[in-house]
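Take a look at the letters that make up each chain.
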Amino acid sequence: MPQTAAPIALPKTLGQLRSSEFTPARVNRSVKDELRDNLIARLRQIAPGGKLAGESLFPGIVGYDDTVIPQVVNAVLSRHNFILLGLRGQAKSRILRALTTLLDPQCPYVAGSELRDNPYAPLSKFSKDLIASLGDNTPIAWMTPEERYVEKLATPDVTVADLIGDVDPIKAARSGHELGSELTMHYGLLPRANRGIFAINEVPDLAGKIQVALFNIMQEGDVQIKGYPVRLELDVAIVFSANPEDYTARGKIVTPLKDRIGSEIRTHYPESLDEAISITEQEAWTARSYDANNTAIQQIEIPHYIRQIVEQIAFIAREDKKVDKRSGVSQRLPISTMELVLSNAERRALIHGESLVVPRVADIFAALPGITGKIELEYEGEMKGSDVVIHELIRTAVANIFDSYFADTNTQQIEQWFNLGGAVELNDKQSSREIFTSLQQIQGLFEKLSPLKINSRTKTESAVSAAEFLLEGMTAHKKISRSEARTFTAGEKRKRNEDAANYAEKMRQREQEREENIAHNRTRRGFN
């Protein structure tokens, strides 16, 4: 079972290793058996009644407890090589890296060996010759779980030599060995991952012949380099990740390789706002630090409704017909957006010398650079333009979250204030205190903020943020209007009614003037 603390004194020679707790039975286990044994021990510990009861099997993986994680557990217990299929931003690489928590905390190997040879059963000629020469004095080195994880991002230009190896003529010339000698080989990533986990991301991007080489390794359990009689029976757990759309887009996984992958596991996006918020809280850089001499910003407070709106944007985008569903909407969208939202609020606080940073809905509109690069648009979306589509997504998200707080709130008093000609401007040019004073003119506004737990003791920055959220929600529902300069005024319907009334009045006045002119002309004709 992996432990956080390493042994106090690790053996440094083969002789010391033989007399230690690292027996041949323990060290000679295959990587897949090691993963399985440690997984079983971990499951017992986190089970009810265990000493780690209630803890997560893979810390940091959110939203997969009832879907993906059980399938990964089954694959490891079955000693399978497996593949994770999912759209971008679904934590595929994070899950693969989390497998290192199931490796032993320390693993011995022959010092200097490129293949990280097992001291009890070496593969390479280098290690065999060294042990034959030094015996129990053979130096031993140690690997941590992180050092036993090798990852490769697949690209079309990857070669067999990159993954498996090739003959190194320079090494042959310097050492004086024959070209076909094992000592002249330059090993690729896969042999160097011996006794560890080898992960390949976006495997469909690999050329077909590379994939054939991989399934031959998985079938036969060994590799052959450059056609020379050098065969290595590697001990490695191979795992993959891929976007399912890659089967028909940039490339595909060849059928023989798919057939030899033990388990195919589908990942997914967060299924609820709370799960998505937990992920963003974990990943986004919101715990900002400041210089010790800083006397301006003292505290950062992110309202829950702001977090909800940011996540809702991604949820809506994944269903919007103007957004390409095949490429997906990554969870990185709300992560990047939240960081930009906080930065814009931070900038505003620094400009006005405010000690409390509270993001507002306006900061979400200012975070467009964190959204535009995270979505791919369909033809209809391209015709509208990315900025227009994103503004629509934000407005829809604001409206949805607004309804969850203010569905039963009567806002007619606020609407009436605007309908009577009231207007208020909320932008970064004003301090929170100035905006708060302006908002106090709106009758009944702050009394309607009780669903957000806003009261007389609430700090000004938080009260302004909540009030703006209410006004933005009313704008999204077209009860009031807002200009690009962020001036809130009467709703479009009220304006149309007023315009229609004004137009009717103008027409009536024109008709009256026309009749007066006709009467006047008749009078003049009478005198003639």
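Everything numeric here is computed off the predicted structure, so don't read it as measured data. Residue numbers here run from 1 along each chain, matching the order of that chain's written sequence. Two thresholds apply to this predicted model, a pLDDT of at least 70 for residue-level local features and 80 or more for giving and counting side-chain atom pairs, whereas whole-chain, interface and lining totals are computed over all residues. Side-chain numbers here rest on the full set of heavy atoms in the structure, without hydrogens or water.

(A) Local environment of the overall build of the protein. Here a helix means four or more residues in a row that DSSP labels H or I, a strand means two or more in a row labelled E, and each is numbered from the N terminus. If you tally the helices and strands in the protein, you get 22 helices and 16 strands. Burial here depends on accessible area, computed with a 1.4 Å probe over protein chains only, as a share of the maximum for the residue type. Under 20% is buried, over 50% is exposed, and the range in between is partly exposed. Each of the 528 residues in the protein was classed as buried or not, and the buried ones make up 48%. Within the protein, contacts between residues at least 6 apart in sequence are counted, and of these 74% link residues at least 24 apart. Every accessible area reported is derived by Shrake-Rupley at a probe size of 1.4 Å, with residue values counting cover from the shown protein chains alone. As displayed, the protein offers around 26400 Å² of accessible surface, 48% of which is attributable to carbon and sulfur atoms. Contacts between residues were defined by any pair of non-hydrogen atoms, one from each residue, lying within 4.5 Å.

(B) A look at the packing of aromatic side chains. Any two rings among Phe, Tyr and Trp, with Trp reduced to its six-membered ring, count as a pair given centres within 6.5 Å; such a pair is stacked if its planes are under 30 degrees apart, edge-to-face if over 60, and tilted if neither. Using the criterion set out here, one finds 9 aromatic pairs in the structure. Geometrically, the ring pair formed by Phe-402 and Phe-406 is tilted, given 5.1 Å between the ring centres and 35° between the ring planes. Residue Phe-402 and its partner Phe-406 are located together in helix 18 (residues 386-406), separated by 4 residues, close to a single helical turn. Note on accessibility: Phe-402 and Phe-406 belong to one class, buried. Ring centres of Trp-417 and Phe-418 lie 5.0 Å apart, and the angle between their planes is 90°; on these two criteria the pair is classed as edge-to-face. Linked through ring pairs, Tyr-305, Phe-402, Tyr-405, Phe-406 and Phe-469 together constitute an aromatic cluster.

(C) Quick peek at the sheet that holds strand 10 (residues 236-242). Note: two strands are recorded as paired if DSSP finds a minimum of 2 bridges between them. An order of 4-7-10-1-11 is seen for the 5 strands of this open sheet, with the pairing classed as parallel. A strand with exactly one partner marks an edge of an open sheet, and here the two such strands are strand 4 (149-153) and strand 11 (263-266). Mean inter-strand twist for the sheet, computed between neighbouring axes without regard to direction, equals 20°. For strand 7 (residues 196-201) and strand 10, the ladder comprises 6 bridges, and the chain directions are parallel. Lines fitted to C-alpha atoms define the axes, with helix axes restricted to the stretch in contact, and inter-axis angles between N-to-C directions lie between 0 and 180 degrees.

(D) Main features of the pattern of salt bridges. Think of a salt bridge as a Lys or Arg side-chain nitrogen and an Asp or Glu carboxyl oxygen that are within 4 Å of each other. Taken as a whole and judged by the stated rule, the model has 23 salt bridges. Measuring nitrogen to oxygen at the nearest pair gives 3.5 Å for the salt bridge that ties Glu-281 to Arg-307. A residue pair is termed long-range when its members are at least 10 positions apart, and Glu-281 in helix 12 (residues 273-283) and Arg-307 in helix 13 (residues 304-319) qualify at 26 residues.

(E) Looking closely at the side chain of Glu-34. Following the sequence through the fold, Glu-34 ends up in helix 3 (residues 31-46). For Glu-34, a relative accessible area of 4% corresponds to the buried category. Polar contacts here mean pairs of N or O atoms no more than 3.5 Å apart (in protein, one a potential hydrogen donor and the other a potential acceptor; neighbouring residues in sequence count only if both atoms are side-chain atoms). Side chain to side chain, Glu-34 and Arg-148 meet in a polar contact 2.8 Å long. Every residue in contact with Glu-34, bar those within four places of it in the chain, is listed here: Arg-29, Leu-102, Leu-103, Asp-104 and Arg-148.

(F) Examining the pairing of strand 11 more closely. Of the two faces of strand 11, the one lined by Ser-263 and Ile-265 is fully buried and the one lined by Glu-264 and Arg-266 carries no buried residue. Note that strand 1 (residues 82-85) and strand 11 share 4 bridges and pair parallel. Paired with Phe-82 across the two strands is Ser-263, which belongs to strand 11.

(G) Layout of unusual backbone geometry. For Lys-453, which is not glycine, the phi torsion reads 60° and is therefore positive. Residue position: Lys-453 is located in the loop between helix 20 (432-439) and helix 21 (460-476). Phi angles above zero are rare outside glycine, and Lys-478 is one such case at about 60°. With respect to the element layout, Lys-478 can be found in the loop between helix 21 and strand 15 (480-482).

(H) Up close: the sheet that holds strand 14 (residues 424-425). Spatially, 14-16-15 is the arrangement adopted by the 3 strands of the open sheet, whose pairing is antiparallel. Edge positions in the open sheet fall to strand 14 and strand 15, since each of these has one partner strand only. In the sheet, strand 14 pairs with strand 16 (residues 487-490) via 2 bridges, with the strands oriented antiparallel. Bridge pairing links Val-424 to Phe-488 in strand 16.

(I) Summary view of the pairing of strand 2 (residues 107-110). Residues Cys-107 and Tyr-109 of strand 2 are buried on one face, and the alternating residues Pro-108 and Val-110, pointing to the opposite face, are buried as well. Where strand 2 lies against strand 3 (residues 140-143), 4 bridges are found, and the strand directions are antiparallel. Each residue of the ladder has a partner; that of Pro-108, found in strand 3, is Trp-142.

In short, the description is geometric, and any link to function would need to be established separately.
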